[in-house]
Amino acid sequence: WVNGTQPNSNATRIDGAVSVNVWLPHHVGYVSASEAIETVNASTNNFDADQGMAGGAAINVVTKSGTNELHGSVFLFHNNEGLNANSFFNNAFGLKKPELNRNTYGATLGGPIVKNKLFFFGSWERFSRDNKFNQTFGVPTAKMRAGDFSEVAGAYSSFKLFNPFSAADPANRTQFANYTIPSNLLSPQALAVLPYYPAPNSSQDLNSNQLADDYVQEREVQVDRDNFDLKLTYQRNQSHSIWGKFAMLDAEVVDNFILGFDEGSLGDTRTYVGTVGHTW
């Protein structure tokens, strides 16, 4: 969020080319591996002519090129629940920290193919995360399935349930007795959907007169993402360089978010980026 504008007002360029997810413009199309980045420049106003298409920030990312000397790197980042503090709400309800195993690792290598003329730079980065946590939902209770909403009235004193058939004018409608909809007025569409809702499995929030979190579901999200970058640079002369680059992102996401009638969620993403350019 820059200068009060939406994230989709920003423009991110990688080696001069705009990188944007067309369907979700607040996301860049490709995220370069951190070890493959040479410089980052962020401008938030007074843009130059080559920094258009931005209302918030114009971000320019330049990736590394090979040199006359062979250079490389190896890196590893690790994080798990044992290294983190518990959250405020987990501590408040006496819950343990969610399981987490997150790693980022990879390597880079760059150098000459023909000294003073042709160079290469390549990188590989892998991100993996395995995260287990409990998520809460509000689902209809047994009374609600039968049209009895007295639990809602007990939790929220301002709750009222009117009979839409008692008067044409909403201001003159009467309330259902005991906050209960008669069985002959229950919506057939609602009754057809109800079997897809699981029954409540947590009474903690019911005892505190809160119905928003009466179903607890354990979720496990696993993400494996690989980034590959290869850049070739030809130094035609001291004033002119020509380069080409290929990059690929390959990500697999497994979200075991199963409520009983589905089979969980799978998300596979693959992004290819090909770029050519020259600097005079």
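Residues numbered from 1 in each chain as written. Predicted model: local features only at pLDDT ≥ 70, side-chain atom pairs only at ≥ 80, totals over all residues. Heavy atoms only, no water.

Novice: Run through the overall build of the chain, naming residues and quoting values.
Specialist: Secondary structure assignment for the chain yields five helices and ten strands. Relative to the 2.2 N^0.38 estimate, which gives 19 Å for 280 residues, the radius of gyration of the chain is 28 Å and therefore markedly larger than a compact globule would have. Counting only C-alpha atoms and orienting by the principal axes, one finds that the chain spans roughly 90 × 45 × 35 Å. The buried share among the 280 residues of the chain stands at 29%. Residue pairs in contact within the chain that sit at least 24 positions apart in sequence constitute 62% of those at least 6 positions apart. (Helix = DSSP H or I, 4+ residues; strand = E, 2+ residues; numbered from the N terminus. Rg over C-alpha atoms; globule rule 2.2 N^0.38 Å. Buried < 20%, exposed > 50% of the residue type's maximum accessible area, 1.4 Å probe, protein only. Contact = heavy atoms within 4.5 Å.)

Novice: I'd like a description of the nonpolar core, backed by residues and values.
Specialist: If you look at the biggest cluster of nonpolar residues, it comprises six residues: I14, Y30, V61, A247, L249 and A251. When residues in this core are grouped by element, the largest group, three residues, is from strand β9 (residues 240-255). Setting aside chain neighbours within four positions, we find A251 in contact with D224, R225, G267, D268 and T269. (Core = buried A, V, L, I, M, F, W, Y, C linked by side-chain atoms within 4.5 Å.)

Novice: Tell me what's going on with a nonpolar patch on the surface, and back it up with residues and numbers.
Specialist: A cluster of nonpolar side chains, contributed by V18, V20, V22, W23, L24 and M53, occupies part of the molecular surface with about 700 Å² of accessible area. Residue position: V20 is located in the loop between β2 (17-18) and β3 (37-43). (Patch = residues over 30% accessible without salt bridge, like charges linked within 9 Å, V, L, I, M, F, W, Y side chains within 5 Å. Areas by Shrake-Rupley, 256 points an atom, 1.4 Å probe, with all protein chains shown as cover. Salt bridge = Lys/Arg side-chain N within 4 Å of Asp/Glu carboxyl O.)

Novice: Can you explain the side chain of N131? Please cite residues and give values.
Specialist: Take N131: it is sitting in strand β7 (residues 118-137). Those residues in contact with N131, other than ones at most four positions away along the chain, are E99, L100, R219, E220 and V221.

Novice: Talk me through the packing of aromatic side chains; I want residue IDs and the actual numbers.
Specialist: Under the defined criterion, the tally for this structure stands at three aromatic pairs. Here Y105 and W124 contribute two aromatic rings whose centre-to-centre distance is 5.8 Å and whose plane-to-plane angle is 75°, an arrangement assigned as edge-to-face. Of the two residues, Y105 sits in strand β6 (residues 100-114) while W124 sits in strand β7, which places them 19 residues apart along the sequence. When the ring of F159 is compared with that of Y179, the centres are 6.0 Å apart and the planes differ by 35°; the resulting orientation is tilted. Of this pair, F159 sits in the loop between α3 (150-155) and α4 (188-193) while Y179 sits in the loop between α3 and α4; the two residues are 20 residues apart in sequence, bridging distant segments of the chain. (Phe/Tyr/Trp six-rings, centres within 6.5 Å; stacked < 30°, edge-to-face > 60°.)

Novice: For unusual backbone geometry, give the residues involved together with the corresponding values.
Specialist: The bulk of non-glycine residues show a negative phi, and the bulk of peptide bonds are trans. One non-glycine residue, N3, lies in the positive phi region at around 55°. Judged by relative accessible area, which is 54%, N3 ranks as exposed. Positive phi is not limited to glycine here, since N116 has a value of about 70°. Mapped onto the secondary structure, N116 falls in the loop between β6 and β7. By relative accessible area, N116 is classed as exposed at 52%.

Novice: Could you give an account of the pattern of salt bridges, with specific residues and numbers?
Specialist: Counted by the stated rule, this structure contains seven salt bridges. Between R126 and D224 there is a salt bridge, and its shortest N-O distance comes to 3.4 Å. A residue pair is termed long-range when its members are at least 10 positions apart, and R126 in strand β7 and D224 in strand β8 (residues 215-237) qualify at 98 residues. For the salt bridge of D229 with K245, the shortest nitrogen-to-oxygen distance reads 3.4 Å.

Novice: Which residues make up the sheet that holds strand β10 (residues 265-279), and what values do they have?
Specialist: Across the sheet, which stays open at both edges, the six strands sit in the order β5-β6-β7-β8-β9-β10 with antiparallel pairing between neighbours. Of all the strands in the sheet, just β5 (71-80) and β10 have a single pairing partner and so form its edges. Between one strand and the next, the sheet's axes are offset by a mean angle of 10°, whatever the strand orientation. The sheet contact formed by β6 and β7 spans 14 bridges and is antiparallel. By the bridge assignment for β7, Y105 is matched with R126. (Pairing = 2+ DSSP bridges. Axes fitted to C-alpha atoms, helices over the stretch in contact; angles between N-to-C directions.)

Novice: Lay out the environment of M144 in plain terms, naming residues and giving numbers.
Specialist: When you line up the elements, M144 lands in helix α2 (residues 142-145). Considered as a pair, M144 and V18 are 126 residues apart in the sequence and their alpha carbons are 52 Å apart. Discounting residues that sit within four places of it in the chain, M144 has contacts with F149, E151, V152 and L211.

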